[in-house]
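One-letter residues, chain by chain:
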Amino acid sequence: MSSSLPRGVRMMRAEAQQRQYSERTLQQVRLDSVRALSKARFCPKNSEIVRSQCVDDRAESDNQFGNQLWYFEAKGVDEGHHRQDVFGVIEYQIQFGLQELVEDGVFDTPQEREGFRSLYDREVSGPSWRHPANRLLLAAMIAVAALTLFLLTLKNLLA
């Protein structure tokens, strides 16, 4: 099956596509989108948010906070009154049912925005014992603990 998406652009998760968001949530996303445009030196009064959508929505659980990743497209107007298409991203962490802004960004192309998405996916997926650095850290901690126990035992035997 061939895809009509540009290379490197991922589909959004099915849960994010199906979910209906409250007016309060959509208003917050819009406000944060305008703030991201302003941070990127676009005029918030003259710029226009054209579209926003949640592309990843991971529910909060007993063991882990939730996450949401929103994409937005805008017609940005800079200080020189030049209009350009802008592709933005907003990342939220869901803590105890409340949205907390983690990161936002504005990009010139959808492909640049996807670079942020790959960082987000790695961050949200969390650490893995398959990663060599995590294995090395665990081995070092075990070695230090064993050495400490050995030295304490030796000290008690010689005392």
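Remember, predicted model here, so these are calculated numbers, not experimental data.

**What about the nonpolar core?**
So, point 1. Ranked by internal contacts, the top residues of the largest apolar core, which has 13 residues, are Leu37, Trp70, Phe72, Ala74 and Ile90.
So, point 2. Broken down by secondary-structure element, the contributors of at least two residues to this core are α2 (23-39), β1 (48-58), β2 (66-77) and β3 (83-95).
So, point 3. Leaving out residues up to four positions away in the same chain, Trp70 has contacts with Tyr21, Thr25, Leu26, Val29, Ser52, Gln53, Cys54, Gly88, Val89, Ile90, Tyr92 and Gln99.
So, point 4. Within the second largest apolar cluster, seven residues are counted, among which are Val55, Leu69, Val89 and Tyr120.

**Looking at the pattern of salt bridges**
So, point 1. All told, the structure shown has six salt bridges when counted by the stated rule.
So, point 2. Ionic pairing is found between Asp104 and Lys39, a salt bridge with its closest N-O pair at 2.6 Å. In this pair, Asp104 is assigned in strand β4 (residues 98-107) and Lys39 in helix α2, connecting sequence segments 65 residues apart.
So, point 3. On the accessibility criterion, Asp104 (8% relative accessible area) is buried.
So, point 4. With a relative accessible area of 53%, Lys39 lands in the exposed category.
So, point 5. The shortest N-O distance in the salt bridge between Asp56 and Arg58 comes to 2.7 Å.
So, point 6. With relative accessibility at 25%, the residue Arg58 sits in the partly exposed group.
So, point 7. Several salt bridges share partner residues, and in doing so they unite Arg35, Lys39 and Asp104 into one network.

**With respect to a nonpolar patch on the surface**
So, point 1. A contiguous nonpolar surface patch, about 670 Å² in accessible area, is contributed by Leu147, Phe150, Leu151, Leu154, Leu157 and Leu158.
So, point 2. Mapped onto the fold, Leu157 is located in helix α4 (residues 132-158).
So, point 3. Among the residues examined, Leu157 registers a relative accessible area of 68% and is labelled exposed.

Rules and cut-offs
- Residues numbered from 1 in each chain as written.
- Predicted model: local features only at pLDDT ≥ 70, side-chain atom pairs only at ≥ 80, totals over all residues.
- Heavy atoms only, no water.
- Core = buried A, V, L, I, M, F, W, Y, C linked by side-chain atoms within 4.5 Å.
- Buried < 20%, exposed > 50% of the residue type's maximum accessible area, 1.4 Å probe, protein only.
- Helix = DSSP H or I, 4+ residues; strand = E, 2+ residues; numbered from the N terminus.
- Contact = heavy atoms within 4.5 Å.
- Salt bridge = Lys/Arg side-chain N within 4 Å of Asp/Glu carboxyl O.
- Patch = residues over 30% accessible without salt bridge, like charges linked within 9 Å, V, L, I, M, F, W, Y side chains within 5 Å.
- Areas by Shrake-Rupley, 256 points an atom, 1.4 Å probe, with all protein chains shown as cover.

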